[in-house]
Each structure stands twice: as structure tokens, then as C-alpha cells.
Amino acid sequence: MTIGATNDNTMTLCMKFLLLVASVALGAALKRQSLNGQWTATGGDAEIVIPDATVPGGIFSDLMKNNDITDIFYGYGDSNYSWVGLSDWTYASEFEVDDSLLAHNVIYLVCEGLDTFATIYINDVEVGSSQNMFVRYEFDVKDQLKVGTNSIEVKFSSAVNKAKALAEDPSNEYVVPPECPDDAYHGICHANRIRKMQASFSWDWGPAFASVGIWKDIYLEGLKNGVIDYVVATTQQNPEGDVWYLTVTTYLNAGDLGPISGYLYVGIIVDDKSVTTSDPFDTPYDPETGEILTFKFYEDDVTPWWPNGYGSQTLYNVSVRYEGEREYDETSVRIGFRNVELVQEELDQGLSFYFKVNGHPIFAKGANEIPISVLPERGQDKDTIERLMQSARDVNMNMLRVWGGGVYESDYFYDLADEYGILIWQDFMFACALYPTDDAYLENVVAEVSHQVKRLASHSSIAIWAGNNENEGGLSQNIWGIQDLDQYKNDYIKLYVNTIEREVLRILPNATFITSSPTNGAESVEENFIAENPGDELYGDVHFYDYSSDSWSPSTFPIPRFASEYGYQSMPSIESWLTATDSLDDLRPDSAFLMYRQRHPDGNQQNLDLIGQQLQLPDPSSENYVKALVYFSQIYQAQAIKTETEHYRSFKGRVNEEGKGYTMGALFWQLNDVWVAPTWSGIDYSGRWKMLHYQALYFYYHMIITGRLTDQTLEVYAVLDDLQVPDVTVKALVHIYKWDSLEPLVAVEYPVTLDPLKAVLVTTIDAATALTTAGCGSDYNEAKTNCFFHLHLLDENNNHLVPFNHVFPEKLKNSNLADPNVKIDSITPTDDEGKVFEVVVSTDAVALFVWLDSHDIRGRFSENGFLHVLPTKTVVFTADDVTTLDDLTASLTITHLRDPAYL
């Protein structure tokens with residue numbers, strides 16, 4: 001059924017009685033009774049009793065709260081407390097049931113999230129079991145309930161032991177690799193045998209905490225007619241772009257009550273006017289397809305939803321109400337009118353791979369998100385989620401990839417993605433492994449996919465669904481040393497194509513789905529879903545890591561269609577480290593502690609080598625070596641990812657002579673952390689921004705000027721991502737500075753017309769000629785050690801349009817850097833609340849990677865880790881909590897690359 005809306009916003013209804021009927025309830029509201037709260041948990045070899053366990057929650061959180069174990073994130077916690085994951089645990093509670101609930105025909109026990117293998121008892125009678133932490137379970141418990149006090153027990157079996165038993169089952173016909181992670185992970189084997197957060201058994205950036213628990217809401221749901229299980233609301237634009245269609249699919253559940261009868265009402269308010277339609281169940285309800293109602297709007301009726309930086313994020317509330325003979329149920333979802341396409345068109349060589357939103361090409365800028373927490377219940381914390389999502393939005397990100405070894409995040413995560421305009425690349429939870437394909441396993445997967453797609457599909461932010469992380473590449477490269485690849489390739493197709501993709505498209509016929517990341521996309525499909533080289537730069541997306549080549553040189557990096565993973569490690573801040581150890585000596589690369597915390601094989605040495613390529617660390621015996629190591633690691637990481645990201649942006653909408661380029665996405669690895677350790681994150685476990693995240697504010701800005709220096713040729717590009725700005729002519733300014741002066745030796749201006757669809761070449765400069773002519777030295781080898789290039793974009797009134805940029809022609813460790821006097825001149829409160837302060841920083845020579853640190857006064861700087869070429873610079877500090885000027889003055893410190901403490 002379709003409802004239309006006219007151009008003058010006068011809403012038409014297909015049945016005049018709808019609004020009247022929709023406002024009158026035919027019975028009482030569906031009854032739900034929460035069982036969240038205080039439970040008792042028992043288990044472990046010592047038969048531990050936790051009288052005030054929390055639901056939703058998890059066993060590690062409860063044990064810490066009850067002081068049965070200390071902080072698991074301190075020291076060697078994942079090894080010290082591995083026994084927790086090897087133990088069985090029982091959660092028990094009592095609850096009251098009254099006559100009104102028991103009068104319902106069906107009473108479900110609804111478990112939104114059980115981690116992972118649980119058997120549930122009501123009044124000592126088994127009512128159901130679980131085997132997938134990503135599935136919502138509903139058990140009919142009416143016959144087990146009684147008026148008065150009732151008991152519930154949820155008995156969890158060790159996921160570690162279950163995984164091991166499944167892997168060692170003698171009926172298995174063959175091994176499903178990998179059986180165990182690399183020794184450097186200090187991990188747990190056989191994660192791929194079970195449907196649980198794969199990273200909870202360890203990863204190369206995190207610990208192994210194989211938790212159990214009721215990690216989401218649990219409640220009773222009584223119904224007399226039926227209940228709304230899911231609402232899937234999606235929008236589609238016609239090819240001409242002048243009509244929007246809103247399709248609302250409602251999935252109802254009546255248990256064993258028989259055919260669903262009654263009315264379904266769906267409404268949406270547009271421009272303060274209500275559009276409502278209804279559907280009587282005069283034909284049998286099909287639970288596979290749900291009940292589908294469609295609305296039609298003309299383009300002027302609604303405001304489209306756009307990714308961050310491309311327009312507004314207008315959201316509309318869609319209300320759904322089911323009215324049966326004796327009761328009603330109602331819910332709502334928020335939608336944005338947007339159309340997302342993955343464009344894979346033929347180019348001279350290969351295929352494109354980019355997203356169009358509402359008909360406009362989008363350059364995807366963002367990061368890969370790992371689980372909010374390795375303890376899934378903590379990943380539901382709204383404050384943590386909001387800080388993370390705000391941090392992504394505030395540095396101009398417009399896409400996050402929810403990586404496939406973690407969890408499908410909370411509803412609130414996706415709500416904020418909708419509000420902030422952050423597109424979501426949603427992996428299914430399969431990563432870096434092969435998986436079983438027996439009937440029971442596939443049935444389990446179908447339930448997972450069905451639940452998660454129906455739960456998430458209404459979110460405007462969801463742009464693409466991907467079957468797995470790196471499994472196509474793993475098979476293609478045979479990283480597991482498999483003898484008979486055919487069997488595993490068949491299993492791969494059976495799982496990701498014949499099972500997952502089929503279920504996704506059954507629910508969302510217009511969904512964008514790719515089987516893996518990285519993948520060659522349509523080319524992989526042509527090669528029977530497993531391409532010979534899934535990282536081909538002429539197709540699809542790539543993952544790129546290189547820990548030996550020059551990480552500050554653009555020539556190191558590929559020129560792909562879409563870079564969906566790339567990254568380098570760094571150390572978190574000293575304050576964050578001191579939540580995991582009380583000794584700075586533990587942070588030395590050869591310490592037992594740091595080698596334990598480093599889960600990436602040979603990671604500490606790789607980091608030292610990468611730092612050493614560019615910078616000169618102080619002697620390891622020096623007093624400030626550890627502080628320098630933390631600071632220098634963040635410099636190398638930030639500059640490396642800045643260089644790589646700007647390299648990708650410089651190929652936006654254009655190709656080189658080899659057909660490489662048309663790069664339309666850059667998602668670095670990784671956004672966040674699950675503990676304090678050397679990792680690839682831009683935001684550490686405590687929520688502190690590393691230098692990388694501050695730099696993202698610059699390299700993800702909607703307009704940038706960037707330089708590519710290869711050999712002696714400097715190419716300068718200007719990039720514009722703002723669709724609201726038509727082709728506009730601006731001025732590019734190239735300065736040459738000597739390290740010891742704040743006055744440029746040379747300033748050359750170039751007019752440039754920006755193009756929102758592609759990077760524009762501003763100019764090509766012979767670096768040797770430019771530097772020697774400027775007076776930097778008698779030849780290029782000398783000149784490049786004394787000077788650097790500084791880049792600007794100005795409008796017609798000489799106002800700066802973008803953050804300054806720079807190109808270093810020589811490695812900094814080989815350059816004749818000045819020793820500037822960098823200091824904080826003043827700190828001034830600028831608000832009445834005591835949260836916002838202006839910090840004035842001064843220097844007498846070029847200062848590199850100037851870093852302000854408020855230490856234990858938490859907050860954020862307007863910019864940080866910057867190149868300082870002006871005598872003074874004002875930076876705004878915004879504290880998380882009210883603070884005094886005296887406290888901030890005492891806490892605030894400043895450092896830079898040539899700080900005497902590091903020389």
C-alpha cells in the first residue's frame with residue numbers, strides 16, 4: 001500500500017478514517033516486565049558467591065565489583081584471571097508475577113543478549129538455551145510461571161571449554177583453521193568455532209577476556225494477540241531524484257496464538273503534518289516478509305540526510321502501532337531520507353569503488369572501530385559511546401567501519417551515527433579465520449544475520465554490509481597453509497554468499513553487500529568470490545600495512561580505489577599507562593611488561609625502527625627516555641598516517657598513467673582501544689586523544705592543500721569535499737622556511753580552481769631548484785637539510801581557508817633543526833563556567849609537533865601536535881569538568897621535538 005504527499009506539503013490519506021482509528025486503542029498496552037537489576041552470581045573452582053551481580057552485566061565486571069579479583073586491565077590481568085573464562089557461572093534471581101501478567105495467552109522471556117552458552121531455568125524447569133551472543137532469544141515461559149514469587153537461573157558454560165570441545169569433536173571431517181592465535185597474542189584457541197566476540201579470545205591489539213553474562217536487557221513480555229518484534233524502515237530515491245519512497249516493514253510475533261489479526265498503523269510527521277496509513281490483516285500474515293507499507297514523497301516534502309561535512313542530518317520519527325482484538329503494541333524508529341549506492345563502474349583499467357549519497361560521490365573519511373570494550377556489557381555505556389562518536393565527528397570523519405572481529409554495537413552507537421552523519425561500514429562478525437559450515441552452525445548464523453539486519457537496517461548511517469574481515473585474502477594467499485583449498489573455498493561461498501548474503505538480501509533487497517574486506521568487489525564475484533589478488537589496486541578496497549619502508553614517504557603507499565585499512569602503532573599517554581602499571585621502567589621496549597602488553601609480533605622493535613627512520617630518540621639510559629619514546633611514537637604515527645591519508649586524498653577522482661587512483665575512501669586503523677598498550681589507535685583506552693587524532697582534524701578537513709615529494713619533484717594538490725561549494729578559484733601559497741627563522745625565504749602564489757569531484761594539481765615544483773634558489777644551500781643535499789615547504793590556501797581576501805600544511809624534503813633526524821624557545825605565555829579563562837581557556841604559545845624559531853598536555857585535568861585542545869611558524873599562537877582548551885585557572889596553570893605543560901629534555 002502506498003501513501004502519497006503532494007508538492008505543496010498537503011498530506012493525502014488513502015482512507016479518511018485512519019487518523020481517527022489510529023488515535024483510539026482497541027485494548028490495553030502490551031505488558032513488559034524488566035528482570036534487570038541485582039542478581040546473584042556463583043561459580044568458579046572456589047564456588048564464589050556474588051550477591052549483588054548486575055544485569056545487564058558480565059562476570060569480569062561483577063568479580064571486580066565484588067573484590068573477588070582486582071582490576072583486570074592492570075598489569076598481567078588477562079593471564080592472572082584466565083581461570084574466569086575457564087569456569088562455569090550461574091546467574092540467579094527472583095521476581096514477582098501478578099494475575100494481570102499471567103492472564104496473557106503467551107508470556108515470553110526475552111533475552112536481548114546472552115554471552116554465549118547458557119541454559120535458562122524458570123522455577124527449576126529448563127525453558128531454553130543459547131549459543132550465540134549476537135542473537136535475541138525468546139522463550140515461551142507461561143506454563144512455568146506462577147502468581148507470586150518465581151525463580152530464574154541462567155547457567156553459563158565456559159565459552160573456552162565449549163570452543164575446545166567443538167574443535168575436538170571426533171565427528172569433525174576436517175580442521176577449520178586457524179586453531180590458535182599467534183603466541184604473541186597470549187590468546188585462547190578455537191574462537192572461530194563459536195559465535196562470540198572473536199577478539200574476546202585475544203587480538204594483536206587486545207587481551208583475552210572470555211567473559212560470560214547477561215550482557216543486554218532481559219524481560220518478560222506478555223501478549224494476547226501479538227507483539228512487534230522489528231520495524232525496518234528504508235528509503236529509496238527514484239532515478240530522476242524527484243521522488244522519495246519510504247518502505248516500512250513490520251515483523252510481528254504471535255507465538256502459537258494462530259493467525260495475526262487486527263490493524264497495523266504507520267505514521268510519520270513531515271513539516272509538522274502527519275501522514276498515516278493502516279493495513280488490516282485481511283490476508284494471512286507472512287512472518288518471513290513481514291507487513292509492508294510504503295509512503296511516497298516528492299523531493300520538496302522532505303529534507304535529505306547527508307554524511308558529516310556534506311549537509312544536514314535531518315531525521316524523522318516513524319511510529320508503528322499494532323492493534324489486536326484485546327491489546328496493542330507500539331514502537332518507533334528514526335529515519336533519514338537518503339540513498340546510498342556503491343558505484344563499481346568500468347574505468348580504462350579496472351572498476352571504480354566509491355559511495356554515492358543522494359546521487360553525489362562521497363569521499364569516505366574515517367577509521368576502523370574495534371569494540372567499545374572487550375567486556376561487551378561495558379560497550380553499552382552511553383557516555384563512552386558518545387565521547388567516541390563525538391570525537392569522530394569533530395575531526396571531520398564521515399565513515400566508521402565496525403570491524404568484523406568485535407560486536408554489532410549498541411542501538412545508541414547507531415543512533416549517534418545517524419545524528420552525526422557518520423556512515424557505517426558494517427562487517428558481519430567473522431574475521432581473520434575460516435569458519436564451520438555444518439547445518440547447525442549455518443542455522444545459528446542465519447538467526448544472527450536476521451536479528452542484526454532487522455535491528456540495524458532502519459539507521460540512515462548504514463551504508464554497506466560486508467561478510468567478513470580479510471577472509472577472502474586469507475584464502476587467496478593461503479596464509480593457513482591449507483593442502484586442499486577447494487573444500488575451504490566451497491565452505492567460504494556456502495557461508496558468505498549462500499547463507500549471509502542471501503539472508504541480507506531477503507530482508508533488504510536493495511542492500512549493498514560485499515562478501516569480504518578487502519575484496520575486488522564485482523571482480524571478485526566474477527572470479528567466483530575469491531579473487532586471485534583481493535588487494536588489487538584497480539578494484540575494490542585494500543588493507544595496507546608496511547613496517548619496514550619509509551612511512552613518511554608517499555611513494556611507500558599503494559594507489560587503490562578505496563583504502564579501508566592502514567595504520568601504524570604508537571604508545572598511549574603516560575597518564576594512561578599509569579592506570580596499568582606504577583613503574584615507568586615498565587614502558588621500556590625491552591621490559592617484560594611492555595613485551596607482554598605488545599600483542600603484535602615483533603611490534604616493539606618495529607616501532608623503534610620506524611621512529612629511528614625519522615627521528616633521533618635520546619639514549620635509553622637518559623632520564624627522559626620513556627617520555628620521549630611515548631611522545632616520539634605518537635609523532636611518527638601521526639605523521640605517517642597524515643602522509644598516507646593525504647596521499648589517498650590526492651588521488652580523489654583522478655588516475656595516474658597506470659590507471660591507478662580514483663581513490664574515494666580512507667579509513668585508518670584504528671579509532672579506539674580496549675586496554676592500555678602499544679596499538680594503532682588514535683584515541684587511547686582512557687579516552688585521551690593521541691597526536692594522530694588531533695592531526696585527523698587537519699588531514700580530514702573538507703578542504704586541504706597537500707604536497708607529494710618524490711625524488712626531487714614536489715606536486716602540490718588542492719582537494720575539496722564540500723558539495724555546497726561550487727567550483728571556486730582560490731590562491732595557493734607555497735612558502736619556503738629555514739628552520740631557524742619565522743620569516744619565509746620565499747612566498748609564491750598560484751591561482752587554483754577547486755573541483756569538489758577530484759583533486760586538482762596546483763603546481764609542480766623542482767624541489768632542488770626551489771630550495772637552492774631560495775638560499776637554503778649550495779646544492780640540494782645541503783639545502784634540503786636547512787629548509788622545508790609550507791603550504792596555504794587563501795580566499796580572495798587573503799583569509800586562510802584550511803589548516804597549514806608542510807612537506808619535509810629530508811628526514812628530520814638529518815635536518816639542521818633549530819632549538820626554539822617554546823613557552824606558554826598566558827592562560828585566560830573565556831567563559832563563566834570555568835571550562836574554556838585560551839592558551840597563548842610563543843616561539844622564536846620553527847617548532848615541530850608542539851604538544852600541550854593538561855595531564856590529569858581532562859579536556860580537549862582546539863589543535864595540538866602542530867607545526868609552529870608564527871611568533872604566537874592561540875589554542876583553546878575546553879575542560880571536561882569545571883576547573884580553576886590556578887589548577888590548569890599548575891597542570892599544563894608544553895613540549896616540542898627539540899625540547900632540551902630529549903636532546
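Residues numbered from 1 in each chain as written. Predicted model: local features only at pLDDT ≥ 70, side-chain atom pairs only at ≥ 80, totals over all residues. Heavy atoms only, no water.

Comments concerning empty space enclosed by the protein
Item 1. Going through the model one piece at a time under the given rule, you end up with four cavities of 30 Å³ or more.
Item 2. Of the volumes computed, that of the largest cavity is approximately 90 Å³.
Item 3. Around the largest cavity, the lining residues are Q569, S570, M571, P589, L594, N604, N607, L608, I611, L629, S633 and P678.
Item 4. Put simply, the parts of the chain that give the lining of the largest cavity at least two residues each are α15 (603-614) and α16 (625-649).
Item 5. When residues of the lining of the largest cavity are assigned to their parent elements, the largest contribution, four residues, is made by α15.
Item 6. Of the residues that constitute the lining of the largest cavity, the class distribution is seven nonpolar, five polar and no charged. (1 Å grid on protein atoms, 1.4 Å probe; cavity = no way out; pocket = protein on both sides within 12 Å on 5 of 7 lines; lining within 4 Å. Points joined across faces, edges and corners; volume = space filled by probe spheres on them. Helix = DSSP H or I, 4+ residues; strand = E, 2+ residues; numbered from the N terminus. Nonpolar A, V, L, I, M, F, W, Y, C, P; charged D, E, K, R; others polar.)

A closer look at the pattern of salt bridges
A side chain of one charge can pair with a side chain of the opposite charge if their charged atoms are brought near each other.
Item 1. One pass over the structure, following the stated rule, counts 32 salt bridges.
Item 2. Between R321 and E330 there is a salt bridge; the shortest N-O distance is 2.7 Å.
Item 3. R649 is paired through a salt bridge with D721; the nearest N and O atoms lie 2.6 Å apart. Highlighted residues: R649 in helix α16 and D721 in the loop between β36 (713-720) and β37 (728-738), separated in sequence by 72 residues.
Item 4. R649 gets classed as buried once you look at its relative accessible area, which sits at 0%.
Item 5. Each of E112, R136, E138 and D229 takes part in one network of salt bridges that share partners. (Salt bridge = Lys/Arg side-chain N within 4 Å of Asp/Glu carboxyl O. Buried < 20%, exposed > 50% of the residue type's maximum accessible area, 1.4 Å probe, protein only.)

With respect to the state of the cysteines
Item 1. With the rule as written, the count across this model stands at two disulfides.
Item 2. Note on cysteine connectivity: C180 is disulfide-linked to C189, with sulfurs 1.9 Å apart. Here the disulfide of C180 and C189 is right-handed, its torsion about the S-S bond being about 105°.
Item 3. Residue C180 is classed as partly exposed on the basis of its relative accessible area, which comes to 40%.
Item 4. Among the residues examined, C189 registers a relative accessible area of 26% and is labelled partly exposed.
Item 5. Covalent S-S linkage joins C776 and C787, the inter-sulfur distance amounting to 2.1 Å. Taking the torsion about the S-S bond as the criterion, the C776 to C787 disulfide, at about -105°, is left-handed. Taken together, the residues C776 in the loop between α18 (767-774) and α19 (780-786) and C787 in strand β40 (residues 787-794) connect sequence positions 11 residues apart.
Item 6. Residue C432 stays outside any disulfide, its sulfur separated by 15 Å from that of C180, the closest cysteine. (Disulfide = S-S within 2.5 Å.)

Things to note about the packing of α15 against α16
Item 1. It is at 10 Å that the axes of α15 and α16 come closest, and there the two elements cross at 75°. By the angle class used here, α15 and α16 are roughly perpendicular. Listed contacts from α16 to N607, L608, L610 and I611 of α15 are Y625, L629, F632, S633 and Y636.
Item 2. Taken together, the residues of the contact of α15 with α16 break down into seven nonpolar, two polar and no charged. (Axes fitted to C-alpha atoms, helices over the stretch in contact; angles between N-to-C directions. Parallel < 35°, antiparallel > 145°, perpendicular 65-115°, else oblique. Contact = heavy atoms within 4.5 Å.)

Here we look at the environment of M571
Item 1. Along the chain, the position of M571 falls in the loop between β33 (563-566) and α13 (574-577).
Item 2. Expressed as a C-alpha distance, the spacing of M571 and Q634, which sit 63 residues apart in the sequence, is 6.6 Å.
Item 3. For M571, the contacting residues outside a window of four places in its chain are W577, L587, L594, L629, V630, S633, Q634, P678 and K690.

Notes on the layout of surface pockets
Item 1. In this structure, the largest pocket occupies an estimated 1,400 Å³ of space.
Item 2. Taken together, 49 residues line the largest pocket, and the ones lying closest to its centre are S686, G687, R688, W689 and R858.
Item 3. When contributions to the lining of the largest pocket are tallied by element, the ones reaching two or more residues are α7 (382-394), α13, α16, β44 (847-853), β45 (859-861), β47 (872-879) and β48 (893-895).
Item 4. For the lining of the largest pocket, the element with the highest residue contribution is α7, accounting for five residues.
Item 5. Taken together, the residues of the lining of the largest pocket break down into 17 nonpolar, 17 polar and 15 charged.

Here's the deal with the environment of G309
Item 1. Mapped onto the elements, G309 comes out in the loop between β21 (291-298) and β22 (316-323).
Item 2. Given the relative accessible area of 40%, G309 is considered partly exposed.
Item 3. Along the sequence, G309 and Y701 sit 392 residues apart, while their C-alpha atoms lie 8.9 Å from each other.

Interpretation note: all reported values are geometric properties and have no functional meaning in isolation.
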